[in-house]
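If you want the building blocks of each chain, they are given just below.
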Amino acid sequence: MPRPAPLHLLAPFALALALAACERPPAADAPATLPAPASPAPLPTPEPPAAHTPTEAAPIPPTPMLRAHYACADGQRVEWRYFPQQGVAVLVRAGRTHELHPPPGRADTFAQPGLEVRLGASSLQIRLDQHPPIDCQRLPATP
């Protein structure tokens, strides 16, 4: 049985065949140069956003609020507004609004620095700084 030729003897012949293939002129129907690589397709230009046309805004539901009016011993009338969802109260006194917050653990007292309001069933008491408290009585609701 014949033995195959060792690979190191076949290598020069394979190299010669490869070089001969490189030196051959291109076939008549083959292009003379390689085509340039295709440039990537341009990305589609995004359409500009539509001009903003104002639309009627959806109505904002009113914030739940409890409101009461009081007549005070010093002759002033005050308005008490309580916003249960936020846990915040507003006292309107002498044309000014004062935002008040309940101290921890107190449901009947609201305060801010220099002002404290204590609520009763049909009354409230206002304490300004270190002055004596001002007692106020709730007025009947007007339709």
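The structure we're discussing is the one just above.
Residues numbered from 1 in each chain as written. Predicted model: local features only at pLDDT ≥ 70, side-chain atom pairs only at ≥ 80, totals over all residues. Heavy atoms only, no water.

**Q** Is there a simple way to explain the pairing of strand E1 (residues 66-72) in this structure?
**A** Moving residue by residue along a regular strand, the side chains alternate between the two faces of the sheet. Of the pairings in the sheet, the one linking E1 to strand E2 (residues 77-83) comprises six bridges and is antiparallel in character. Paired with Arg67 across the two strands is Arg81, which belongs to E2. Pairing analysis gives three bridges linking E1 to strand E8 (residues 134-138), with the strands arranged antiparallel. Considered in E8, the bridge of Ala71 is made with Gln137. (Pairing = 2+ DSSP bridges. Helix = DSSP H or I, 4+ residues; strand = E, 2+ residues; numbered from the N terminus.)

**Q** Help me understand the pairing of strand E6 (residues 115-119), please; the structure alone is not making it clear to me.
**A** In terms of strand pairing, strand E5 (residues 109-112) meets E6 through four bridges, oriented antiparallel. In the sheet register, Phe110 faces E6, and the bridge partner there is Val117. The loop that links E5 with its antiparallel partner E6 comprises two residues; one of these, Gly114, has a positive phi angle of about 85 degrees. Pairing between E6 and strand E7 (residues 123-128): five bridges, direction antiparallel. Following the sheet pairing, Arg118 is matched in E7 by Gln125. Hairpin connection, E6 to E7: the antiparallel pair is bridged by three residues.

**Q** Help me understand the nonpolar core in this model?
**A** In globular proteins that are soluble, nonpolar side chains generally tend to be buried together. Counting residues in each nonpolar core, the largest one holds 15 residues, and the members touching the most others are Trp80, Leu91, Leu100, Val117 and Ile126. For this core, the secondary structure elements donating two or more residues are E1, E2, strand E3 (88-93), E6, E7 and E8. When residues of this core are assigned to their parent elements, the largest contribution, three residues, is made by E1. Other than its neighbours up to four places away in sequence, Ile126 contacts Cys72, Val78, Leu91, Arg93, Leu115, Glu116, Val117, Pro132, Pro133, Ile134 and Cys136. (Core = buried A, V, L, I, M, F, W, Y, C linked by side-chain atoms within 4.5 Å. Buried < 20%, exposed > 50% of the residue type's maximum accessible area, 1.4 Å probe, protein only. Contact = heavy atoms within 4.5 Å.)

**Q** What should I look at first to understand the state of the cysteines in this one?
**A** Covalent bonding between the sulfur atoms of two cysteines is what defines a disulfide. With the rule as written, the count across this model stands at one disulfide. For Cys72, the disulfide goes to Cys136, at an S-S distance of 2.0 Å. Its S-S torsion of about 100 degrees marks the bond between Cys72 and Cys136 as right-handed, since a negative value means left-handed. On the criterion of sequence distance, the pair formed by Cys72 in strand E1 and Cys136 in strand E8 is long-range, its members being 64 residues apart. Pair check on accessibility: Cys72 and Cys136 agree, each one buried. (Disulfide = S-S within 2.5 Å.)

**Q** Honestly, the layout of surface pockets in this entry has me stumped. Any pointers?
**A** Rolling a probe over the atoms, with the probe sized like a water molecule, indicates the empty space that remains. Taken as a whole, the largest pocket holds about 160 Å³ of empty space. With three residues, the single largest contributor to the lining of the largest pocket is E1. (1 Å grid on protein atoms, 1.4 Å probe; cavity = no way out; pocket = protein on both sides within 12 Å on 5 of 7 lines; lining within 4 Å. Points joined across faces, edges and corners; volume = space filled by probe spheres on them.)

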